[in-house]
Structure formats: C-alpha cells, structure tokens
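Structural description and commentary
Chain by chain, the residues:
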Amino acid sequence: MDSFDAGAGGLLRQPKSVWATAGASVVAFMGIGLVDPILPSIAQGLDATAGQVSLLFTSYFLITAVAMLVTGFVSSRIGGKKTLLLGLAFVVVFAGLAGTSGSVGELVGFRAGWGLGNALFVSTALAVVVGAAAGGSAAAILLYESALGLGMACGPLLGALLGDASWRYPFFGTAFLMAVGFLCITVFLKEQPKPARKTSLLDPLKALGHGGLASAAVSAFFYNYTFFTVLAFTPFVLNMSPYRSGAVFFAWGVLLAVFSVIVAPRLQKRFGSLTVLGGSLVLLAADVLVLGYGSHTTAVVCTILSGAFIGVNNTVYTELALGVSDAPRPVASAGYNFVRWFAAAAAPYFAPKIEEWTDLHIPFVVAAVTAVLGAAVVVVRRRALTHQAEEPEPKHATEGGVAVLAN
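This is a predicted model, so every value here is computed, not measured.

1. Side note on the overall build of the protein
- When you go through the protein residue by residue, the secondary structure sums to 17 helices and zero strands.
- Counting across all 407 residues of the protein, residues that qualify as buried make up 59%.
- Counted over contacts in the protein with a minimum sequence separation of 6, partners at least 24 positions apart contribute 87%.
- By element, 68% of the accessible surface of the protein is carried by carbon and sulfur atoms, the whole surface being about 14,700 Å².

Given below as structure tokens:
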C-alpha cells in the first residue's frame, strides 16, 4: 500500500485545529502563484517593465531563503502556534499594503515582508498538522499535500478573477483570507509542545556539511531556476488576459498537485527515486525548450505540461532532502531550502535580463540547461544520494509538498 492509499481513510476525520491550519495553508500556497496572471496588468498599472515586475518574485524568495535560517530558531523558542500566528500576521499586513502600492518599488518591498511571513508560516504548518492530526501522520501529510496542490492551483485562478477588475484586488483578497485563517488558528489550534532542543541559527548551515544533503540542495538549486523561469517569466511570453492566463496556470497547478500527491509515489515505487528524478528533469528541460521556440498554442500546452514534471520533482527532492542525512528533518529542510530558494529569487530577475540582452528564446534555453545540470548532479552524486532514496516505502514519501515552499 502506498502513502496515498494509506492516508486516504483518515483524511477527512480530523479535528478542527487541523482543518484550520490546512485551510490557512491553502491560502499561503495561493500566494505563490497569485500574481502570475496579473503580472502584465501590474506592469501596465505601475508603468513598469517586465524585469521590474518580476522582482515581485525575487524579493519574495530572497527573503524566504534567508528566513529559512530563522524559522527553526523562532519556532523552537516560542512554539508552533505562535510562529504560525506571527507568520500570518506578517502576510495580512504586507499583502494589504501591497494592494496600496503607488510604485513598483513599494510593491517589491511589501512582497519581501510577505515572503518573511509566508516562510514563518509554511515552515511550521506541516509539523503542526502532523502533531494535531488524528489517524496517524500519513493522513495528516496527505492533507497537507492536498492543501499545497489546491493552493498552487487556485492561486492563479483567484489572481485572475480579482485581478480582472484591478491588479490591487488579489492582494486585498489574500490579506482578508489570511486574516480569517489567523482567527481560525487562534480559536481552534492548541499550543503544540516545544522541541526538546532549541535550534541555533547555524544548525541548517552545519547540516549542509553532509555530502548527500549538499548534493540534493545543489541539484534543487538548478531545478528551481527552471521552475521559476516558467512561473515568473512565462506570463509575459504568453501575454494573455488575466482570465486566460489564470486558466493556464490553474491547469498547471492541477497537474502539479496530481503528479506530486498521486503519480510521483507510484513512479518511485516502480523505478526508484533517483531514476525518476533524473528522467523528470530531462523531460522538463525538453518541455521548456519547446516552450521557448514553439508557437503560442505550443507554449500554452508546454506551460501546463510542465506542472506534471514539477510536481514529480518537488516530491522526490523533498524526500531526498529529509532522508539523505541524519540531521533532524526541520534542520535538514532549512539548510536545503536556504540553498534552493536563491535560485527562485534569481530566475525572475535574470530571465527578463537575458531576453533584453539576447532574444525571447534564450531564457528558456538557459532554463533547459539548468534542468539538465540538476539531472547531472543526480547522476554524478548518485552514491551520496542513495541513502534511503531507493527505499520502496520511505516514511516521508508524501512530504513533497513541503518542497515547494517550506520545506
């Protein structure tokens, strides 16, 4: 029985505290792709270039990367519930302020504050859900995975629906929904026990001294550059209305969710994690290359299809990061994410720059190359990555959702 089947029976029989946390997680993950369909509208509304608007992702993920060194330090001292509420409060304030921005510089700054709040929240949410859930960790992790997939799919849809009237409304909508999540967690979630050992700021960096974890982080760095070239740069290439762009990225998110939660564990069981990861990265490289050189219709199809490969990669990478070393999961996760989120910050900045320096196709060529480099690291460092990676039933096989954000 795989992880999906094992957790399905207890998935719906959860206490209110778990549903409150999972619901807030949906909204938190929505914030990643929320701006996708409205990027052209923001550029037009604030008289900004594509490169300037893409900094919305750069500031968000740059802060998220650095914050990964802080989240464990904070949560191990004030507890899970307070960390969640602190993160939600940051998101409510900065998402609301983002909607009032009068310039792209203000908007980029407010997104940075939003990124800090989201890092605090999503890095703690999985542990809280598992700790408060009924029916075992399998059902809890599956619920969290489902929240991730639903959020990634619905973020672009919400951005399109609200952004069609004004690019400001999606930010106000997110602030409102996160405020509701804040109230629900305040009322329904009891404080979770604090860890026996407090995490230091340097623990995640020390964990990267393990060759397997460092290899997973470097490979994921290259992969994330490809991932966020698709997410942050493609909307400008498609140049569609918010509704049409939202529909494209909604379909993309649905594939991401299905392949992350359902398909990836089955592929891993049959072929092994490293084989699946290497093959998926090569296929993603081919997909983005066709995206960059194909017709408009081909670009739409390839954008949606990339969600399948991204879903598989997210699941396998998180499994590697959490299982390849002996470091505690939160510490290993923080070190791994500290490295890989820098690529999520770099891609939205460099892709438009590369287009300015060359032409529209070359950013996708670079993205294809980075995906292949990620696969090359997996092949060259296969022995270092093998520890627990090829087990047919890893105890954390369904924690791929954590890989997209907190994880």
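After presenting the structure, the write-up continues.
2. Side note on the packing of aromatic side chains
- Using the criterion set out here, one finds 17 aromatic pairs in the structure.
- Seen from their ring centres, Phe61 and Trp341 are 4.9 Å apart, and the 15° between their planes marks the pair as stacked. Of this pair, Phe61 sits in helix α4 (residues 50-78) while Trp341 sits in helix α14 (residues 329-357); the two residues are 280 residues apart in sequence, bridging distant segments of the chain. Side by side, Phe61 and Trp341 carry an identical accessibility label, which is buried.
- Taking 5.2 Å as the distance between ring centres and 85° as the angle between the ring planes, the aromatic pair formed by Phe338 and Phe342 counts as edge-to-face. With Phe338 and Phe342 both in helix α14 and four residues apart, this pair spans about one turn of that helix.
- Every member of this aromatic cluster is reached through a ring pair, and the members are Tyr60, Phe61, Trp114, Trp167, Phe171, Tyr223, Phe227, Phe228, Phe249, Trp252, Tyr317 and Trp341.

3. Structural notes on the nonpolar core
- Ile42, Val53, Phe61, Phe121, Phe171 and Ile185 are the most contacted members of the largest nonpolar core, which totals 117 residues.
- By residue number, the principal contributor to this core is helix α10 (residues 211-238), which donates 14 residues.
- For Ile42, the residues in contact, after removing those within four places along its chain, are Asp47, Val53, Leu56, Leu107, Trp167 and Phe171.

4. Thoughts on the packing of α10 against helix α12 (residues 273-293)
- In the contact formed by α10 and α12, the axes pass within 12 Å of each other and the chain directions differ by 30°. Taken together, the axis directions place α10 and α12 in an arrangement best described as roughly parallel. As α10 packs across α12, the resulting crossing turns out to be left-handed. Only Leu281, Leu284, Val288 and Leu291 of α12 make contact with α10, whose side of the interface consists of Ser219, Tyr223, Thr226, Val230 and Thr234.
- Per-class residue counts for the contact of α10 with α12 are six nonpolar, three polar and no charged.

5. A short note on unusual backbone geometry
- Positive phi, normally seen in glycine, also occurs at Asp47, with a value near 50°.
- Here Asp47 shows up in the loop between α3 (39-45) and α4.
- Despite not being glycine, Asn239 shows a phi value in the positive range, around 50°.
- Looking at the element boundaries, Asn239 is found in the loop between α10 and α11 (242-271).
- You can call Asn239 exposed: its relative accessible area is 59%.

The rules behind the values
- Residues numbered from 1 in each chain as written.
- Predicted model: local features only at pLDDT ≥ 70, side-chain atom pairs only at ≥ 80, totals over all residues.
- Heavy atoms only, no water.
- Helix = DSSP H or I, 4+ residues; strand = E, 2+ residues; numbered from the N terminus.
- Buried < 20%, exposed > 50% of the residue type's maximum accessible area, 1.4 Å probe, protein only.
- Contact = heavy atoms within 4.5 Å.
- Areas by Shrake-Rupley, 256 points an atom, 1.4 Å probe, with all protein chains shown as cover.
- Phe/Tyr/Trp six-rings, centres within 6.5 Å; stacked < 30°, edge-to-face > 60°.
- Core = buried A, V, L, I, M, F, W, Y, C linked by side-chain atoms within 4.5 Å.
- Axes fitted to C-alpha atoms, helices over the stretch in contact; angles between N-to-C directions.
- Parallel < 35°, antiparallel > 145°, perpendicular 65-115°, else oblique.
- Left-handed = near helix turned anticlockwise from the far one by under 90°.
- Nonpolar A, V, L, I, M, F, W, Y, C, P; charged D, E, K, R; others polar.

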